[in-house]
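Listed below, chain by chain, are the residues.
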Amino acid sequence: MHRSSLENARRSNGSLNVLEDARRRRKFLHDKQSILELLDSQLTGLIDRASTELETSLVDAPASSETARMTSLDSLAALDANISYQAKNNRQGKNDDNLSVEQRLPPKTFHLRNSLLTELFELAHFRSLQNIFIAIMSLFCLNTLISDVLEGKSLIDTFSLSLVFWAFGRLSDAIAIWLLMHAAALLVFYPAFHYYVSIAGTKGHSRISKSMWMIAYSVYQLWFLVQPIRMVLQFELLPASALIVLTEQARLMMKVHAFLWENARRGYYSSTGSCSATASDSSSSTASLTPRCPSFGRFLYFLFAPTLVYRDNYPRTDHIRWNYVASNLGQVVAGIFFVYLLVLRYYRPVFSHWRRPSLAHFVRTAFQSALPGGLVLLITFFTVLHSWMNAFAEMLTFGDRQFYCDWWNATSFRTWYRTWNTVVHDWLYAYVYREICMLLGYEYRLLATVCVFLLSAIFHEIVISFGLGFFFPALFVSFCSFGFALMFANGRSRFWAVFVWVCLFLGTGVLMCLYSMEWYARRNCPTKYADRPLLDFLIPRSFTCVV
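Within each chain, residue numbers correspond to sequence positions counted from 1 in written order. Selection of residues for local features in this predicted model requires a pLDDT of at least 70, selection of side-chain atom pairs for listing and counting requires 80 or more, and totals for whole chains, interfaces and linings are taken over all residues. Side-chain descriptors were evaluated using all non-hydrogen atoms of the structure, hydrogens and water having been removed beforehand.

Some thoughts on the overall build of the protein
Then step 1. Secondary structure counts use DSSP, requiring at least four H or I residues in a row for a helix and at least two E residues in a row for a strand, with both numbered from the N terminus. When helices and strands are tallied, the protein shows 22 helices and two strands.
Then step 2. Excluding contacts between residues fewer than 6 apart, the proportion of contacts in the protein whose partners are at least 24 apart in sequence is 77%.
Then step 3. For the protein, the exposed surface amounts to about 29,700 Å²; the carbon and sulfur share of it is 66%. In this analysis, two residues are considered to be in contact whenever any of their non-hydrogen atoms come within 4.5 Å of each other. For accessible areas, the Shrake-Rupley method is used with a probe of radius 1.4 Å. Any residue's cover is judged against the shown protein chains and nothing else.

The structure is reproduced here in structure tokens:
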């Protein structure tokens, strides 16, 4: 009897232990699922962060050494606060008709944060992906080396970077034009703006005078648009040198407009009229008549800072890590070398004797160009938007390193457009999309989107056309047709993520195929418009080549 009771008690205790273990396991699985959902929501929040910044700006003063190096935990905590704020807005009715355009479309705010890949490469799993990509490109270099040896080609021709040095030909002329453009911004625009704010609010400053200043500013921007292009054509700059001039031209035009617009819109006033006053002390001088402007030092810093949106102050780090700068610049050199090998291996042999292909030949070549084109896209992204931008941000102690978001997780092109290049996106959002909505109303969002697409497509086409030396609007047509239409194709499933990647690889391959085709057609086919250079520039030779 006693033994039977002990056995029953033992079984009962065993059952309780099993139940307790099951309960603990369920609790563990529940906690695990909660953590995964939290991390998923935090990473998803990165997608919309560039265009829906809803938090107030962090401190504008230079950061201390402790805050200069944000840890991953700090980044996640800040992001969690941002997501909680957005959720609160959703609960209160974010789409309420009573909300103003300023509330619906908040301005850009800057934070002390690293680039996303910088944070991710701190994790071993993501470092392994980087190592795999480096191994693939190293094997590609080895394949190129072995193939050239077996084909009897000279390795000196392959690794002398002759194509790179040719593309950067007449670099001294490009540097001279670059200096002229910066001189126009520093020695013409800023003194004129300084003089304008010194007389604004005086008795002689009428509405007609303001209109004349606006006309003068429009003439300045028109000159800035035309003169560098004219000099590129005059000096016959080769592709890479021409692209340097044209991209810098677009960058400086956007920066000048951002500087003027931000200072004209905020309407701060100072009794002294000094251009060295800061935004923090504006409240004590709002009753005076003279609007102030930022100091020359602020304008000079903004001219070189890796952002296109002007603020008086930005989050700053406390010192420069020169080893980090050297590492990023080394990655830029490696990226240029890899792109050079891809062009040398996959594009030059195919298109060097290209004239006018059949449709079947073109389609086959376009699909064969998809993989190398996608690799060029990835390397260009990492070289320019990560390595180059982080190198300059470190040298200027610029704290906000969010030059892109997690575009590789995009399940729609609407998301991809916002996260691929947040530097340009922030400018288009702040000074085109948002301003049109504020002027016409929030219901004109589609018109604002069309204007953004059109302006972006025009400037992309200007850079490519005058950089390559011929007008072949493949990018413009694809951007304004397929690119705009795909923006309305929204999805969240894995299918849509794969669809975005396929479109990116195939689209880049087709574009590189088309531009390579036209490039070599202009070298292999005689022109029909030798005495009419404008027609020769505008009419694609690959369409008219009969040789």
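Here we look at the UniProt feature "active site" (unreviewed entry) in the protein
Then step 1. With numbering aligned to this structure, UniProt lists the feature "active site" (unreviewed entry) at His460.
Then step 2. Here His460 is to be found in helix α18 (residues 445-468).
Then step 3. Accessibility expressed as a relative area gives 39% for His460, which makes it partly exposed. UniProt positions are given in the numbering used here, feature names are shortened, and annotations may be inferred rather than shown by experiment. When a residue's accessible area, from a 1.4 Å probe over protein chains only, is under 20% of the maximum for its type it is buried; when over 50% it is exposed; and in between it is partly exposed.

Remarks on the UniProt feature "transmembrane region" (unreviewed entry) in the protein
Then step 1. Under the present numbering, the feature "transmembrane region" (unreviewed entry) in UniProt falls on residues 132-150, 175-193, 324-344, 365-389, 444-463, 470-489 and 495-515.
Then step 2. Helix makes up 96% of residues 365-389 and strand 0%, whereas the separation of the span's terminal C-alpha atoms amounts to 34 Å.
Then step 3. For residues 495-515, helix accounts for 100% and strand for 0%, while the C-alpha atoms at its two ends are 30 Å apart.

Overview of the side chain of Ser241
Then step 1. With respect to the secondary-structure elements, Ser241 resides in helix α11 (residues 239-266).
Then step 2. For Ser241, a relative accessible area of 0% corresponds to the buried category.
Then step 3. From its side chain, Ser241 meets the backbone oxygen of Gly169 in a polar contact 2.8 Å long.
Then step 4. Residues within four places of Ser241 in sequence aside, it is in contact with Ala167, Phe168, Gly169, Arg170, Leu171 and Ala174. Any N or O atom pair separated by 3.5 Å or less is treated as a polar contact, with the protein-specific requirement of one donor-capable and one acceptor-capable atom, and with residues adjacent in sequence counted only for side-chain atom pairs.

Details of a nonpolar patch on the surface
Then step 1. There is a patch of nonpolar side chains on the surface, built from Phe168, Leu171, Ile175, Leu179, Ile244 and Ile336 and spanning about 460 Å² of accessible area.
Then step 2. Of all the elements, helix α9 (residues 171-199) adds the most residues to the nonpolar patch, at three residues.
Then step 3. Examined against the element boundaries, Ile175 turns out to sit in helix α9.
Then step 4. Residue classification places Ile175 among the partly exposed residues on the basis of a relative accessible area of 44%. Patch membership needs two things, relative accessible area over 30% and no salt bridge, and members are linked within 9 Å if like-charged or within 5 Å if nonpolar (Val, Leu, Ile, Met, Phe, Trp, Tyr). By definition here, a salt bridge exists when the distance from a side-chain nitrogen of Lys or Arg to a carboxyl oxygen of Asp or Glu is within 4 Å.

Focus on the pattern of salt bridges
Opposite charge on two side chains makes pairing possible when the charged atoms of those side chains draw close.
Then step 1. If you walk through the whole model with that rule in mind, you get ten salt bridges.
Then step 2. A salt bridge links Arg311 to Glu262; its shortest N-O distance comes to 3.4 Å. Of this pair, Arg311 sits in the loop between α12 (296-304) and α13 (322-351) while Glu262 sits in helix α11, and the two are 49 residues apart along the sequence.
Then step 3. Overlapping salt bridges, with partners in common, bring together Glu518, Arg522, Asp536 and Arg541 in one network.

Some thoughts on unusual backbone geometry
Then step 1. Of note, Arg170 is a non-glycine position whose phi angle comes to about 55°, a positive value.
Then step 2. The partly exposed category is assigned to Arg170, whose relative accessible area is 42%.
Then step 3. Despite not being glycine, Thr397 has its phi angle at roughly 50°, a positive value.
Then step 4. Here Thr397 lies in the loop between α15 (370-395) and α16 (413-420).

What about the nonpolar core?
Then step 1. Note on terminology: a nonpolar core comprises buried Ala, Val, Leu, Ile, Met, Phe, Trp, Tyr and Cys residues joined through side-chain atoms within 4.5 Å. Counting residues in hydrophobic clusters, the biggest one holds 79 residues, and the most contacted among them are Phe189, Phe259, Phe299, Trp416 and Trp427.
Then step 2. Throughout the structure description, domain borders are defined by an automatic or database domain assignment. Counting contributing residues per domain, this core is built from domain 1 (101-118 + 315-546) and domain 2 (161-273 + 292-304), each supplying no fewer than three.
Then step 3. Beyond its immediate stretch of four places on either side in the chain, Trp416 contacts Trp407, Ala410 and Leu504.
Then step 4. Phe140, Val164, Leu475 and Met517 belong to the second largest nonpolar core, which has 27 residues in total.

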